[in-house]
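Structure at a glance
Here is what each chain is made of, one letter per residue.
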Amino acid sequence: ALPIQAATFYDYPIRQAFRAFKHSEDMTKLPLLIHVLRQLPRPLGCTSNNSVIVPMPTTDKRLRQRGFDPVTILSSYLAKHWQIPLWCGVARIDSTVSQQGLTRSERLANLNDAFMVTELPPVKRLLLFDDIATTGASLQALARALYETVDTQNGFDKDSDSANVSVYDYEFYAYALAHGSK
């Protein structure tokens, strides 16, 4: 399980503001969302030298449909607020459907192999960020993809004295603008 820290609940008025921003590209709602985002405390011990923010990637299809990427916009404000850089070393594979309206088990199944890590993370502390976390399935699938890639790429052998980095040396944190359930 990956604990998720959210700035607020996905309820009135945040729900209406976020929907207008995400689905209608209403940039007048962005200042409110940024204010809410700034309520997230910077994780202890995380700095620009040892941490990166990993925004939830979107598919090329959804990017073309919307014309912009709301998660990357929000995460760039979070990066500026926390003074921690963004890292976009993960791609979303187009074979998934929208998570909206799916049950928890359907969300988990939908996200099997939904992410492809395109490069190894440059640091050990990975701060995963999504806009709305309802069940946490997307953030968990993203963490799992990173975890499995790091584990495979580093070839860690617990019985050797090798200097390879273990997947256990990595720390995963999950954040969201809002949590979808109380």
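Right, let's walk through the structure included here. Each residue is numbered by its place in its chain's sequence as written, counting from 1. Totals for whole chains, interfaces and linings use all residues, but because this is a predicted model, local features are given only for residues with pLDDT of at least 70 and pairs of side-chain atoms are given and counted only at 80 or more. Excluding hydrogens and water, the side-chain figures rest on all heavy atoms present in the structure.

What follows concerns the sheet that holds strand β2 (residues 51-55). Two strands make a pair as long as DSSP finds a minimum of two bridges between them. The way it works is that DSSP assigns letters per residue, a run of H or I at least four long becomes a helix, a run of E at least two long becomes a strand, and they are numbered from the N terminus. With parallel pairing, the four strands of this open sheet are ordered in space as β1-β6-β5-β2. With one partner strand each, in any of the chains shown, β1 (4-9) and β2 form the two edges of the open sheet. The average undirected angle you get between the axes of adjacent strands in this sheet is 20°. The pairing of β2 with strand β5 (residues 125-133) spans five bridges and is parallel. Paired with S51 across the bridge in β5 is R125. The sheet contacts of helix α1 (residues 14-24) involve β1, β5 and β6 (171-179), and relative to β5 the element is tilted by about 100°. Only the stretch in contact is used when fitting a helix axis, every axis being a line fitted to C-alpha atoms; angles between N-to-C directions are given from 0 to 180 degrees. Any two residues having at least one pair of non-hydrogen atoms within 4.5 Å are treated as being in contact.

A separate point is the pattern of salt bridges. Pairing between side chains of opposite charge can happen when their charged atoms approach one another. What makes a salt bridge here is a side-chain nitrogen of Lys or Arg within 4 Å of a carboxyl oxygen of Asp or Glu, nothing more. For the coordinates displayed, the defined rule picks out three salt bridges. As a salt-bridge pair, R125 and E171 come within 3.4 Å of each other at their nearest N and O atoms. Here E171 lies in strand β6 and R125 lies in strand β5, a separation of 46 residues in the sequence. Overall, the relative accessible area of 19% leaves R125 in the buried class. Note on classification: 1.4 Å probe, protein chains only; a residue is buried when its accessible area is under 20% of the maximum for its type, exposed when over 50%, partly exposed between these limits.

Below, the discussion takes up the packing of aromatic side chains. Paired rings are identified among Phe, Tyr and Trp, the last through its six-membered ring, by centres lying within 6.5 Å, and are further divided according to the angle between planes into stacked (under 30 degrees), edge-to-face (over 60) and tilted (the rest). In the structure shown here, the tally under the stated rule is five aromatic pairs. With a centroid separation of 5.1 Å and 75° between ring planes, the pair formed by W82 and Y175 is classed as edge-to-face. Here W82, found in helix α4 (residues 70-82), pairs with Y175, found in strand β6; they are 93 residues apart in sequence, far enough to count as distant. Taken individually, W82 and Y175 each receive the classification buried, so the pair is uniform in this respect. Ring centres of Y147 and F172 lie 6.5 Å apart, and the angle between their planes is 55°; on these two criteria the pair is classed as tilted.

Attention now moves to the packing of α1 against α4. Between two packed helices, the angle of one axis relative to the other and the distance separating the axes together describe the packing. Running from N to C, α1 and α4 cross one another at 120°; their axes reach a closest spacing of 9 Å. Classified by the interaxial angle, the pair formed by α1 and α4 is oblique. Contact residues: α1 offers F18, F21 and K22, while α4 offers P70, I73 and L74. Its residues assigned to classes, the contact of α1 with α4 shows five nonpolar, no polar and one charged. Roughly parallel means an angle under 35 degrees; roughly antiparallel, over 145; roughly perpendicular, 65 to 115; everything else is oblique. The classification used treats Ala, Val, Leu, Ile, Met, Phe, Trp, Tyr, Cys and Pro as nonpolar, Asp, Glu, Lys and Arg as charged, and all other residues, Gly among them, as polar.

Keep in mind these values describe shape, not function.
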